[in-house]
Amino acid sequence: MTEALWTSAEIAAATGGTASAEFDAGAVAFDSREVGPGALFVALSGETTDGHNFLDQAFASGAAGAIVSSATPHPHILVGDTMVALENLARAGRKRMAGVVIGVTGSVGKTGTKEALFECLDRMAPGFAHRSVKSYNNHTGVPLSLARMPRDAKFGVFEMGMNHAGELLALTHMVRPHIALVTTIAPAHTEFFASEAAIADAKGEIFQGLEPGGTAIVPFDSPHRDRLIAAAEGHAARIVTFGLGEGADVRALEIVPGQAGGTYVTAQIGPDRTLGFTLSQPGDHWVANAMAVLAAVNAAGGDLEQAGLALAEMGGLAGRGARFKASVSGGEALVIDESYNANPASMRATLAVLAATPAARRLAVLGEMRELGDQSADFHAGLAGPIRDANVEALLLVGEGMAPLARALEGQVDLVHVPDAATARERIETMLRPGDVVLIKGSNGVGLSRVVAALAGRQ
């Protein structure tokens, strides 16, 4: 790959700025803590902080140059607005990329699907696949991810999120995907939407950014399938469905749970192609994700056999299914880390995974689900059935929003309701026994990653 991601001349041309000196940048960051040697630091000005206050820190960490809106003695590109400059740099990064770009959105599964897609594509073109890291899927994360894309990348995979109508439209026009994929539609951010159908409409905005001749990939089993197909028509040259139900274009024909926790899957891909592979991640929701991945790989002209091997070898993602053993008095307990985020659909899916995991005893640490609006109490209480079905023997509920669920399960399960993650961390360490399996899941703002970190320290 070309050594320099961006030259100062290219940055100035893309942003309309003025360069104070010549420099080459090998990376881009807007968080000074992520700056390493040779990086371009974009000094964004936000509501609570200003990146210009961290210029010295960025250059002490080895920054090659910065995009700024006020003069600095450090090598820089001076612009009128650093956020606009980042967006323009992103557009320039997208314009020079000659490979295949895939956009991913959905209420559930978009980050896992994005990571699985990257693993498949990187296996086919090692070092030439690029994706948005972490969950950089919003109005700042997407342009940063585009600006980070190597000029000679053959594949780019970008996650796009939203919590208001119209947000995804701006992002997809920036990404301009050749393939646009919608994962599961589920109650999430319902505080900002009148109905689940309105959420589907907002997710369907992704198709409006499709390049001519592009492919739309839609969940066949979703009650909003036809709504999404209608949103794709007029923008996509081809619409492909994926799922578990008969009639999907890419479908799981056979699903056999594996002894090691994964799943053996036989997939039908189009009218005349089948693929057998082992999926390392457990759960029917991951089977559906894998069908979406295969649909996208096929649409991108990729190697399906290589994709199957990548899906077999993919490890669990931190906060999204990673597993590890924690030492407890007299032995070990298995921790399932789903701490990054939660909504009703993902809660049900991961509780089903817990139910299928062999254990001496099953425990769950569940944090409240946020941004559910007026239906929040009903959504939380509605988890009582899946918890009973999962044979959870000890339950630790975290946050005020979990009160309706605590009432729904009163007297039915060994239950503790605590106000915050700090208290949950103290309690869970006293509850675990050898042979236990504990699921940890909640909205990111609850902070259950701190509980996971504490247990990870006991590996």
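Residues numbered from 1 in each chain as written. Predicted model: local features only at pLDDT ≥ 70, side-chain atom pairs only at ≥ 80, totals over all residues. Heavy atoms only, no water.

The chain is annotated in an unreviewed UniProt entry as UDP-N-acetylmuramoyl-tripeptide--D-alanyl-D-alanine ligase of Sphingomonas koreensis. On record in UniProt, under Pathway (unreviewed entry), the comment for the chain is "Cell wall biogenesis; peptidoglycan biosynthesis." Under the UniProt heading Function (unreviewed entry), the entry covering the chain gives this text: "Involved in cell wall formation. Catalyzes the final step in the synthesis of UDP-N-acetylmuramoyl-pentapeptide, the precursor of murein." (UniProt positions renumbered as here; feature names shortened; annotations may be inferred.)

Caption draft 1: Quick peek at the UniProt feature "domain: Mur ligase C-terminal" (unreviewed entry) in the chain. Look at the UniProt record and you will see "domain: Mur ligase C-terminal" (unreviewed entry) annotated at residues 331-443. Helix makes up 37% of residues 331-443 and strand makes up 27%, while its end C-alpha atoms are separated by 30 Å. (Helix = DSSP H or I, 4+ residues; strand = E, 2+ residues; numbered from the N terminus.)

Caption draft 2: View of the sheet that holds strand β22 (residues 436-441). The six strands lie next to each other as β17-β18-β22-β19-β20-β21, forming an open sheet whose pairing is mixed. The two strands at the open ends of the sheet, each matched to only one other strand, are β17 (322-328) and β21 (414-418). For this sheet the average axis-to-axis angle between neighbouring strands, irrespective of direction, equals 20°. Summarising the sheet, strand β19 (residues 361-367) and β22 pair through six bridges and their orientation is parallel. (Pairing = 2+ DSSP bridges. Axes fitted to C-alpha atoms, helices over the stretch in contact; angles between N-to-C directions.)

Caption draft 3: Molecular detail of empty space enclosed by the protein. Under the criterion given, the structure shown has one cavity of 30 Å³ or more. Here the largest cavity defines a volume of roughly 80 Å³. Around the largest cavity, the lining residues are Gln281, Pro282, His285, Trp286, Arg320, Gly321, Arg323, Ile336, Glu338, Thr350, Val353 and Leu439. The set of elements that each furnish at least two residues to the lining of the largest cavity consists of α9 (284-299), β18 (331-338) and α11 (344-356). Among the residues forming the lining of the largest cavity, the class breakdown is five nonpolar, four polar and three charged. If you count residues domain by domain, the lining of the largest cavity takes at least three from each of domain 2 (97-313) and domain 3 (322-456). (1 Å grid on protein atoms, 1.4 Å probe; cavity = no way out; pocket = protein on both sides within 12 Å on 5 of 7 lines; lining within 4 Å. Points joined across faces, edges and corners; volume = space filled by probe spheres on them. Nonpolar A, V, L, I, M, F, W, Y, C, P; charged D, E, K, R; others polar. Domains from an automatic or database assignment.)

Caption draft 4: α11, seen in detail. Taking 1.5 Å per residue as the helical rise, α11 with its 13 residues ought to reach 18 Å, and the 19 Å between its terminal C-alpha atoms agrees with that figure. Along α11, the positions that sit buried rather than exposed are Pro344, Ser346, Met347, Ala349, Thr350, Leu351, Val353 and Leu354. A side-chain oxygen of the first residue of α11 lies 3.1 Å from the backbone nitrogen of Ala345; this N-cap is Asn343. (Expected span 1.5 Å × (residues − 1). Buried < 20%, exposed > 50% of the residue type's maximum accessible area, 1.4 Å probe, protein only. Polar contact = N/O pair within 3.5 Å; in protein donor to acceptor, adjacent residues only side chain to side chain.)

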